[in-house]
Amino acid sequence: MAGKSDYNKMKARFAEVKNRKADMDDDKWWKAEAPQSSSGNPITHRIRILPPPDGFNFWYLEYGVHYRLKNEDGSNVSATCPLKTLKQRCPVCEFTKGLWKSGTEADQNLARDIGSKTRFCSNLVVLGKGQELFKGNEPKLWSYGPKVWTPLNELCVGESGEIVPIDDPDHGYNIKIVVSTKSSGTENFPEYTVMPELKPCAIPDKNVLNKLYPMHELIRSKVKSFDELRTILMGAGSSEQPPPPAPSQEDVIADAPVPDATTTVIEENEEEVIVSTQEKSHGKAEGSAQVARPSQDELIKRARAALQKRSAQ
């Protein structure tokens, strides 16, 4: 039996996509392409992380984003988090902290949706995709989440004590990012495997070092004022404070620690989807019948061992 299209939701979704494209305002931003479905073949990207701009100590910038805030038309909008980005007050973070303490399922689901998600940004050169190698590379900016940042840092400054200078222009390492698409039943999301190439090399063109994007300025310039964010949270035209969360069910719940919304994340395009413990366990049970594949931690350990063996020869 045929259903019926919800045109209001379609309109809101279309506006949301347009807003995201406008936010990625020009060709400076790169996104790791993923297969369209979980049945598609993984896509391999070859990249080179570039050093930070002059005056900064890390090849990445850590910041925060609130997703799934609502426009007046009901479409989703994202906003850079001033607390996680600039250590300034954030009305959305203050509101979601109260939601977590309320103890009600509805409040905590809302807190998951709009809570601050950790993001990272780096300058990089895209060297190729699949078997295709690119020439005349220009630097790009890449925004990514903890699922990529963690293995990159484990490779670069892991617990072994050895430093692998992945961003060094002369002796760094090209990186392969293998992207597959996984399905949670209701949503598709990309899954990343990070692998270094085993031989250090110089970047293809040193001129890119003179074209690095000031990622710190670009990201921090997106932070809105407290009042602007409060207006987005409450809706245009409102001068009220964010509504208080529902009353606590028990006094002890109000004093419970607030969960860290960045510890359990799966990346979904520009967003990150928070998954519950039950959902995670269910996913593992479904995949238990498949052939076991090395974990990301195991891949990183193998890569570091291979790199150290080569350096000792």
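This one's a predicted model, so the numbers in the text were calculated from it and none came from an experiment. (Residues numbered from 1 in each chain as written. Predicted model: local features only at pLDDT ≥ 70, side-chain atom pairs only at ≥ 80, totals over all residues. Heavy atoms only, no water.)

### Looking at the packing of helix α3 (residues 91-102) against helix α4 (residues 105-114)
Working step 1: In contact at an axis separation of 8 Å, α3 and α4 are set at 150° when each is read in the N-to-C sense. Classified by the angle between their axes, α3 and α4 sit roughly antiparallel to one another. In the crossing of α3 with α4, the sense of the turn from one axis to the other is left-handed. In contact with Val92, Phe95, Thr96, Leu99, Trp100 and Ser102 of α3, α4 contributes Asp107, Gln108, Leu110, Ala111, Arg112 and Ile114.
Working step 2: Looking at side-chain class alone, the contact of α3 with α4 contains seven nonpolar, three polar and two charged residues. (Axes fitted to C-alpha atoms, helices over the stretch in contact; angles between N-to-C directions. Helix = DSSP H or I, 4+ residues; strand = E, 2+ residues; numbered from the N terminus. Parallel < 35°, antiparallel > 145°, perpendicular 65-115°, else oblique. Left-handed = near helix turned anticlockwise from the far one by under 90°. Contact = heavy atoms within 4.5 Å. Nonpolar A, V, L, I, M, F, W, Y, C, P; charged D, E, K, R; others polar.)

### As for the packing of α3 against helix α7 (residues 226-234)
Pairs of packed helices are described in terms of their axes, by the angle between the two and the distance that separates them.
Working step 1: Remark: α3 packs on α7, axes separated minimally by 8 Å, with the N-to-C direction vectors making an angle of 50°. Between α3 and α7, the angle is such that the two are oblique. Between α3, through Pro91, Val92, Glu94 and Phe95, and α7, the contact on the second element is made entirely by Phe226, Leu229, Arg230 and Leu233.
Working step 2: Looking at side-chain class alone, the contact of α3 with α7 contains six nonpolar, no polar and two charged residues.

### Thoughts on the state of the cysteines
Working step 1: Applying the stated criterion across every chain yields a total of zero disulfides.
Working step 2: Cysteine 93 provides the cysteine sulfur closest to cysteine 81, a residue in no disulfide bond, and the two sulfurs are 3.5 Å apart.
Working step 3: The class of cysteine 81 is buried, set by a relative accessible area of 0%. (Disulfide = S-S within 2.5 Å. Buried < 20%, exposed > 50% of the residue type's maximum accessible area, 1.4 Å probe, protein only.)

### Re the environment of asparagine 188
Working step 1: Relative to the assigned elements, asparagine 188 resides in strand β9 (residues 188-196).
Working step 2: Under the relative-accessibility criterion, asparagine 188 is labelled partly exposed at 38%.
Working step 3: Sequence separation between asparagine 188 and serine 37 is 151 residues; the distance between their C-alpha atoms is 7.3 Å.
Working step 4: Among the polar contacts listed, one links the side chain of asparagine 188 to the side chain of serine 183, at a separation of 3.5 Å. (Polar contact = N/O pair within 3.5 Å; in protein donor to acceptor, adjacent residues only side chain to side chain.)

### Description of the pairing of strand β8 (residues 175-183)
Regular strands have side chains that alternate between both faces of the sheet.
Working step 1: Bridge count between strand β2 (residues 43-49) and β8: five bridges; the pairing is antiparallel. Opposite threonine 44, over in β8, you have valine 178 as the bridge partner.
Working step 2: In this sheet, β9 lies alongside β8 in antiparallel orientation, the contact comprising nine bridges. Bridge assignment links valine 178 to a residue of β9, and that residue is threonine 193.
Working step 3: What sits between β8 and β9 in their antiparallel hairpin is a turn of four residues, with glycine 185 showing a positive phi close to 105°. (Pairing = 2+ DSSP bridges.)

### Some points on the packing of aromatic side chains
Working step 1: The tally for this structure, following the rule as stated, stands at eight aromatic pairs.
Working step 2: Between tyrosine 60 and phenylalanine 120, the ring centres sit 5.8 Å apart and the planes meet at 80°, which makes this aromatic pair edge-to-face. Residue tyrosine 60 is found in the loop between β2 and β3 (61-70), and its partner phenylalanine 120 is found in strand β5 (residues 116-129); the two are separated by 60 residues along the sequence. Considered together, tyrosine 60 and phenylalanine 120 belong to a single accessibility category, that of buried residues.
Working step 3: Plain terms: the ring middles of phenylalanine 120 and tyrosine 144 are 6.1 Å apart, the flat faces sit at 25° to each other, and that makes the pair stacked. Placement of phenylalanine 120 in strand β5 and of tyrosine 144 in strand β7 (residues 139-144) is noted, with a sequence separation of 24 residues between them. We note that phenylalanine 120, like tyrosine 144, is buried. (Phe/Tyr/Trp six-rings, centres within 6.5 Å; stacked < 30°, edge-to-face > 60°.)

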